[in-house]
Amino acid sequence: MKSIEGEAMQNEKDLSRRAVLCGLAVLTLGLIPDTAIAATGVKVLANGKVEVTLSKNPALKKVGGTVQFEDGSGQAIALVRTGKSASAYRALNLACTHEGTNVTKSGSKWVCPNHRAEFSINGDVKVGPARANLVQLPIKVSTTKVVVG
Ligand code: FES
């Protein structure tokens, strides 16, 4: 016969085991969204271009790192670090090239929630129905800033 204390301990163990298993299931199924980090130090300039201060966006130190912001018209834009060189960035218009729904970051790719088109983190189309890469915006890179547009 189990004591009340022993049963309570067993229940606690079951609960914590269940919590761990649930956590693993969530991780395994990829249910935790890996959204692009909202950029900080972003300024929309008078000419409509957007200035991103690199020191305020540590995510861009790593190749494949991204930050997300909106341009002057409210369109979602991502700035992606594409390589190790100091000028290796790409600015992407996040409107899906199929029908214009904004794509969202999922791991190391962009996925369209509308018809599930997929793009590499650099914006190259990988899975249809989209046929064209995400649109790149012109950028000017300096040691401290990237100006997009
Ligand atoms: S709008 Fe993106 S796949 Fe259709």
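Going by the structure above, here's the rest.
Residues numbered from 1 in each chain as written. Predicted model: local features only at pLDDT ≥ 70, side-chain atom pairs only at ≥ 80, totals over all residues.

A. Region of the structure containing unusual backbone geometry. With an omega of 15 degrees, the peptide bond running from G128 to P129 counts as cis. Within the secondary structure, P129 is located in the loop between β10 (125–127) and β11 (136–137). (Helix = DSSP H or I, 4+ residues; strand = E, 2+ residues; numbered from the N terminus.)

B. Molecular detail of the pairing of strand β5 (residues 76–81). Burial analysis of β5 places five of its six residues in the buried class, the great majority of the element. With five bridges joining them, strand β4 (residues 66–70) and β5 adopt antiparallel strand pairing. Note on β5: the bridge partner recorded for V67 is L79. Relative to strand β6 (residues 89–93), β5 is paired through five bridges, and the arrangement is antiparallel. From the neighbouring strand, L79 faces β6, where its bridge partner is A91. (Buried ≥ 20, exposed ≤ 12 C-beta atoms within 10 Å, placed from the backbone. Pairing = 2+ DSSP bridges.)

C. Quick peek at the sheet that holds strand β8 (residues 109–111). If you trace the four strands from one edge of the open sheet to the other, you get β7-β8-β9-β10, paired in antiparallel fashion. Each edge of the open sheet carries a strand with a single partner, namely β7 (104–106) and β10. Between one strand axis and the next, the sheet turns through 40 degrees on average, direction left out of account. Strand direction decides the pairing type here: β8 and strand β9 (residues 118–120), joined by three bridges, are antiparallel. (Axes fitted to C-alpha atoms, helices over the stretch in contact; angles between N-to-C directions.)

D. Inspection of the nonpolar core at higher detail. In terms of nonpolar packing, the biggest core is built from 27 residues, with V52, I77, L79, L92, L94 and V148 touching the most fellow members. A per-element tally of this core places β5 first, with four residues. Excluding residues within four positions of it along the chain, I77 makes contact with V50, F69, E70, D71, A91, L92, N93, L94, L137 and V148. (Core = buried A, V, L, I, M, F, W, Y, C linked by C-beta atoms within 7 Å. Contact = placed C-beta atoms within 7 Å.)

E. Here's a closer look at the sheet that holds strand β3 (residues 50–53). Taken in spatial order, the four strands make up an open sheet running β2-β3-β13-β12, and their pairing is antiparallel. The outermost strands of the open sheet, each flanked by one partner alone, are β2 (42–44) and β12 (139–141). Strand-to-strand twist of the sheet, defined as the mean angle between neighbouring strand axes without regard to direction, takes the value 15 degrees. Both β2 and β3 contribute to a ladder of three bridges, which runs antiparallel. Note that in β3 the partner of V44 across the bridge is V50.

F. A look at the environment of V52. Counting through the fold element by element, V52 comes out in strand β3. Its 25 C-beta neighbours within 10 Å are what place V52 among the buried residues. V52 sits 15 residues away from V67 along the chain, and the two C-alpha atoms are 9.5 Å apart. The contacts of V52, once residues within four sequence positions are left out, are A39, G41, V42, N57, L79, K145, V146 and V148.

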